[in-house]
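Coordinate analysis (summary)
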Amino acid sequence: MTRDIGAEFRAIHRPGDPFILGNAWDAGTAKMLVALGAPAIATSSAAHAFTLGRKDGGTVSRDEALTHACDLVAAVNVPVSGDFENGYGDDPDTCAETVRLSFEAGLAGISIEDTNFEAGNSYDRELAIERIRTAASAARACPRDFVLVARADGIMEGNYDIDEAIARLEGYAEAGADCLYAPMPKTMGDLQRIVAIGKSR
Amino acid sequence: MNVLAAGPWSAYSRDALAKAGAARISLGSALARVTHRAIHDAATEMFENGDFSGLGNALPGADVDKMMD
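Given the structure is predicted, the values throughout are model-derived calculations rather than measurements. (Residues numbered from 1 in each chain as written. Chains lettered and ligands numbered in written order. Predicted model: local features only at pLDDT ≥ 70, side-chain atom pairs only at ≥ 80, totals over all residues.)

Another aspect to go through is the packing of helix α8 (residues 162-175) of chain A against helix α9 (residues 188-197) of chain A. A pair of packed helices is characterised by two quantities: the angle between their axes and the separation of those axes. Residues and elements named next belong to chain A. Their axes nearest at 9 Å, the elements α8 and α9 cross at an angle of 20 degrees. Judged by the angle between their axes, α8 and α9 are roughly parallel. The chirality of how α8 crosses α9 is right-handed. Each of Ile162, Ile166, Leu169, Glu170 and Ala173 in α8 lies in contact with α9, whose residues at this interface are Asp190, Arg193, Ile194 and Ile197. Of the residues in the contact of α8 with α9, the class split is six nonpolar, no polar and three charged. (Axes fitted to C-alpha atoms, helices over the stretch in contact; angles between N-to-C directions. Helix = DSSP H or I, 4+ residues; strand = E, 2+ residues; numbered from the N terminus. Parallel < 35°, antiparallel > 145°, perpendicular 65-115°, else oblique. Left-handed = near helix turned anticlockwise from the far one by under 90°. Contact = placed C-beta atoms within 7 Å. Nonpolar A, V, L, I, M, F, W, Y, C, P; charged D, E, K, R; others polar.)

And the structure:
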């Protein structure tokens, strides 16, 4: 039977009983983290950029990110998720294409954020949600499971507040995202508001 | 829901984030930047003070080897 790495990855997402996703930046660090207990590995766009001698934020191409992710997939026997910035394009169809290429590369999932690197701000809410809707549709069209994480990065980037993040995450959930993520809320109360949006996401 | 355990959020334990309802806890680039801290501090001591003692704290190569299976 063909292994469904995406389903294995989805199964360890249990609200209230979190696993620790080991963000690695080369095959050796991925192997170390698995040996030390990580049940799943992810790339880190910033850590990867630094290994290339580049700054974080839109400096790595999709091909480079996919090749890097493949190195981690080949190194470990646990699910690997791609931290794939803004999906490597503004267009929702580009996000969908990134999902398909990631699935074909053997990834168990990816995250897509709402940062427009060229403009130096966040995509408008409507476009951000449409990008997730199109990516989620591509994920559901994969022959096996694939975990799509939808990120609202505007709090961390200083582009919008918690209320806007909540509105985006609610939109992402409705659009079919499997897991929601708003990095660096300012307080535990804000985090609890975020978690309350989708207990199962 | 994913929670990033970096910056101020690194002060919260897995149990605390579990109680908040997290399904997974990611590290972002924080662990990589911990190694960058090690490089930064050891290299600063070497190049500014000629002090190599920071290298004495290295994980033995044999221990790293064991994790490369």
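With 23 residues of chain B at the contact, the number on the chain A side is 34 residues. When residues of the side of chain B that touches chain A are traced back to their parent elements, those giving at least two are β1 (2-4), α1 (14-19), β2 (24-26) and α2 (30-49) of chain B. Considered class by class, the residues forming the side of chain B that touches chain A number 15 nonpolar, six polar and two charged.

Residue and element names in this part refer to chain A. For helix α5 (residues 92-104), which comprises 13 residues, the first-to-last C-alpha distance of 19 Å matches the rise-based estimate of 18 Å (1.5 Å per residue) to within 8%. Where α5 is concerned, the buried positions are Pro92, Cys95, Ala96, Thr98, Val99, Leu101, Ser102 and Phe103. For α5, the elements touching its buried residues are α4 (62-75), β3 (80-83), β4 (109-112), α6 (125-140) and β7 (147-151). Following α5 by one or two positions, Gly106 has its phi on the positive side, about 95 degrees. (Expected span 1.5 Å × (residues − 1). Buried ≥ 20, exposed ≤ 12 C-beta atoms within 10 Å, placed from the backbone.)

Here the focus is the packing of α6 of chain A against α8 of chain A. All names here are of chain A. Here α6 crosses α8 at 25 degrees, and the two axes come no closer than 8 Å. In terms of orientation, α6 lies roughly parallel with respect to α8. Where α6 crosses over α8, the two elements pack in a sense that is right-handed. Residues Arg125, Ala128, Ile129, Ile132, Arg133 and Ala136 of α6 form the contact with α8, whose participating residues are Ala167, Arg168, Gly171, Tyr172 and Ala175.

Direction of pairing for strand β1 (residues 19-23) of chain A relative to β2 of chain B: parallel, over a ladder of three bridges. From the neighbouring strand, Ile20 of chain A faces β2 of chain B, where its bridge partner is Ile25 of chain B. In terms of strand pairing, β1 of chain A meets strand β2 (residues 40-42) of chain A through three bridges, oriented parallel. Paired with Asn23 of chain A across the strands is Ala42 of chain A, a residue of β2 of chain A. (Pairing = 2+ DSSP bridges.)

Averaged over every residue, the pLDDT of chain B is 96; residues scoring 70 or more account for 100%. Interface confidence in the predicted complex, given as ipTM, is 0.96; pTM for the same model is 0.96. (pLDDT = per-residue confidence, 0-100.)

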